[in-house]
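Listed here are the chains, written in short residue letters.
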Amino acid sequence: MTDFDHVAVDDVSRHFGRRRAVSRVSFTARAGAILGLLGPNRAGKSTLLGMLATLLRPTSGSIRFGSLDPRADGAGLRGRIGILGHDLFLYPELTALENLAFFAGLYRRADAAAVALRALEQAGLADRARDQVTSFSRGMRQRVALERALIHEPRLALLDEPFTGLDDASAAALVRRLGTLREGGTIVILATHDLDLAEGLLDEAVFLRDGRVVTAVSRPERLRATYRDVMRA
Amino acid sequence: MFIRAVWLILRKDLTVEVRSGEIAYTTLFFAVSCILIFAFALVRDGRAPEDGAAGLLWIAIAFAGTLALGRAFERERQAETLRALLMAPAARPAVYLGKLLGIVALLVGVEAVLVPLVALLFEARAMLAHPVWLAGILAAGTIGFASVGTLFAAMLIRARTRDVLLPVLLYPVIVPVMIAAVRGTAVLLQPEFDAQVAAFWLALLATFDVVFVTLALWTFEPVMTD
Amino acid sequence: MPKWFQPAAIVCAAMFAATPFVIASAPFESTMGLVFKIFFYHMPSAWMFLLGGIVCGVASVRYLFSSDARHDRTAWAAAELTVLFGLLTLVTGPLWARKAWGTWWVWDVRVTASLVSWMIAVAYLLLRRYGGPGSEKLAAGLALFGMANVPFIYISVNYWRTIHPATSVVPTLPVSMGGPLWFCVASFLLLFVLLFKMRVRLEEQRARLDAVYLSLDE
């Protein structure tokens, strides 16, 4: 699938009334690489992810998804993007299996139930498949939500603070899962302020503050130190 | 694929509702309370007001429907699942249609209880004499109400004052539906049933439904995108 | 403000000042006598109410499908004028009805349909005011639905009304009323245009101010 092998964010801004949420941000994310959006709260990370998901339109600048045009085939593009937000997008009254099967169906996966079950096995939650999501802990819900985001094997995976509320084991599992995605050629963009977990995981790091790119680093090392230096400047 | 998406969303809504029952029970109870208050207010000396049953029925449906709409979309707001639905490759109007059918199903369930109750309390058993006509008017009126209501409720999902704004926006726009539904139902209560008049109101409702569902499908995407 | 605004405002004020004299010169209407004179304000108000509604509806549709903020400003200004002139119409109407026919309100088709349409316009303004950010698109949707609704409102009120026959209908206009009426219509139309321009300009200035704030941030 060479038509969608990178995402190019080009001088993108987004404002809400007088408030600039994102200001002239540019970067490129490539297939088979994990790009991290790092920064404090209100840095514009969530807004940027919203634009990458085509839920929001930039007020200036453009985002190119490989050679695809969001205006021409919005639905097709959306079918190749997976997003995991803070608010997990799960229906509490449905079971884990039902949630995943529902989204698998919506994303046009044939044989949705089987796909859903496989996803749960991958998340290690197959034994809780028929339990309602309300009974799950935050960490378990996060795992189901991750599977939901990836159920259609998207080309672009967007994750907003995916490590929130995870215990060590789950966090390690997530890191492994992201590695697998990277090897599979997925474009992964992840927003986090959890630098310890992101250490060693990121291929690119874009540091944001007040909606602007402060700096971008390839193959970052010593994330926490870099972050401190960058944010103090 | 469009139809499949609509069906998936509808089935999901019905499953969730059957599991929790929250909207169904509370809406039903509220509608019954409305009818009771009307009864206390208007039934004098044990006699019900002559033509009132039709109007009261539809007022109760309108109030209960507004409540149900608010709750149904509040649910989608909680885990931001509406966003997830909009992200799916399904055409966005499919989300509207799926939700619309779910609301209509819920309201029809409520009406199944309300109609006999109103017929009983307001001595309007004549209403039940022509069940096919009654069903037609109930269906067409409910769809008309829900077609506008679903769009407005979805639109307002991110507004802070959504609870009060929904009725403010909805009620003036559905005035024709209310008029036609009430008058159509009232025809059923007349001693001599005038099929022509009933057919007129039913046709007006059906036209409204077609026009406004089409408009809603057309504008759902631009209204919901930022 | 553009150059033509001030002279136009003066002309408009002069025209309105002249209206009492123009109206007085019109012949008395046969059945209602002096009271009929209110018609010369009532009718133009109604026409401006209608004009505002149409402008708002059309601008809203254009905004919905183009996201161009200019159409949104037009729609909002038009909605405010719709409410204003609608209020004038709905107040002058009953005043006239009271004196002419002894009742404050008649369930006439046009009257009732106007009331419902007016309420939709008020709902539009409430939405703009209290809907929070992002309510521009929502309001445009409401305006579109409101506009599409007008024939339905008319038909349903009309047939509803035949069950409760009204005491009278709005009379037809005798030909000799032509001159003064057109003068009043012209005055109201000029007033509409002036208010519209002022209102749109206010929003343009706000947008410009927002842009300045944003560019300061660069």
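Note that the structure is predicted; figures quoted are calculated from it, not measured.

Peer 1: Which parts of the structure should I look at to understand the overall build of chain A?
Peer 2: Across its full length, chain A holds 8 helices and 9 strands. The C-alpha radius of gyration computed for chain A amounts to 17 Å, which stays within 12% of the reference 17 Å derived for 233 residues, consistent with globular compactness. Dimensions along the principal axes, computed over C-alpha positions, put chain A at roughly 50 × 40 × 35 Å. Within chain A, contacts between residues separated by at least 24 positions form 70% of all contacts whose residues are at least 6 apart in sequence.

Peer 1: Got a minute to help me understand the interface of chain C and chain B in this structure?
Peer 2: It is common to report an interface's size as the accessible area lost on association of the parts. Contacts between the two partners involve 29 residues from chain C, matched on the other side by 27 residues from chain B. Listing elements by their share of the side of chain C that touches chain B, those giving two or more residues are helix 2 (39–66), helix 4 (109–130) and helix 5 (135–161) of chain C. The greatest single-element share of the side of chain C that touches chain B, amounting to 17 residues, is contributed by helix 5 of chain C.

Peer 1: How should I be thinking about unusual backbone geometry in this particular structure?
Peer 2: All names here are of chain A. Although it is not a glycine, R24 adopts a positive phi angle of roughly 55°. Looking at the element boundaries, R24 is found in strand 2 (residues 19–30). Even without a glycine there, the phi angle at D111 is positive, about 55°.

Peer 1: Explain the sheet that holds strand 2 of chain A here, please?
Peer 2: What links the strands of a sheet is backbone hydrogen bonding, and the strands pair in either a parallel or an antiparallel sense. Residue and element names in this part refer to chain A. On the basis of which strands lie adjacent, the open sheet formed by 3 strands has the order 2-1-4 and antiparallel pairing. Both edges of this open sheet fall to strand 2 and strand 4 (60–65), since each of them pairs with a single strand only. Ignoring strand direction, the axes of neighbouring strands in this sheet form an average angle of 15°. As paired elements, strand 1 (residues 6–16) and strand 4 share 5 bridges and run antiparallel to each other. Among the inter-strand pairings, V7 is bridged to a residue of strand 4, identified as F65.

Peer 1: Before we go on, may I ask you to explain the sheet that holds strand 7 (residues 187–192) of chain A in this structure?
Peer 2: Residues and elements named next belong to chain A. In spatial order, the strands read 5-6-7-3-8-9; together these 6 strands make up an open sheet with mixed pairing. In this open sheet, the two strands that pair with only one neighbour each are strand 5 (81–84) and strand 9 (212–218). Looking at each pair of strands side by side, their axes are set apart by 15° on average, direction ignored. Here strand 5 runs beside strand 6 (residues 156–160); their pairing, made up of 4 bridges, is parallel.

Peer 1: Is there a simple way to think about the interface of chain A and chain C in this case?
Peer 2: Counting residues at the interface gives 6 residues for chain A, matched by 5 residues for chain C. At the level of secondary structure, the elements contributing two or more residues to the side of chain A that touches chain C comprise strand 1 and strand 2 of chain A. Looking at side-chain class alone, the side of chain A that touches chain C contains 1 nonpolar, 3 polar and 2 charged residues.

Criteria and cut-off values
- Residues numbered from 1 in each chain as written.
- Chains lettered and ligands numbered in written order.
- Predicted model: local features only at pLDDT ≥ 70, side-chain atom pairs only at ≥ 80, totals over all residues.
- Helix = DSSP H or I, 4+ residues; strand = E, 2+ residues; numbered from the N terminus.
- Rg over C-alpha atoms; globule rule 2.2 N^0.38 Å.
- Contact = placed C-beta atoms within 7 Å.
- Pairing = 2+ DSSP bridges.
- Axes fitted to C-alpha atoms, helices over the stretch in contact; angles between N-to-C directions.
- Nonpolar A, V, L, I, M, F, W, Y, C, P; charged D, E, K, R; others polar.

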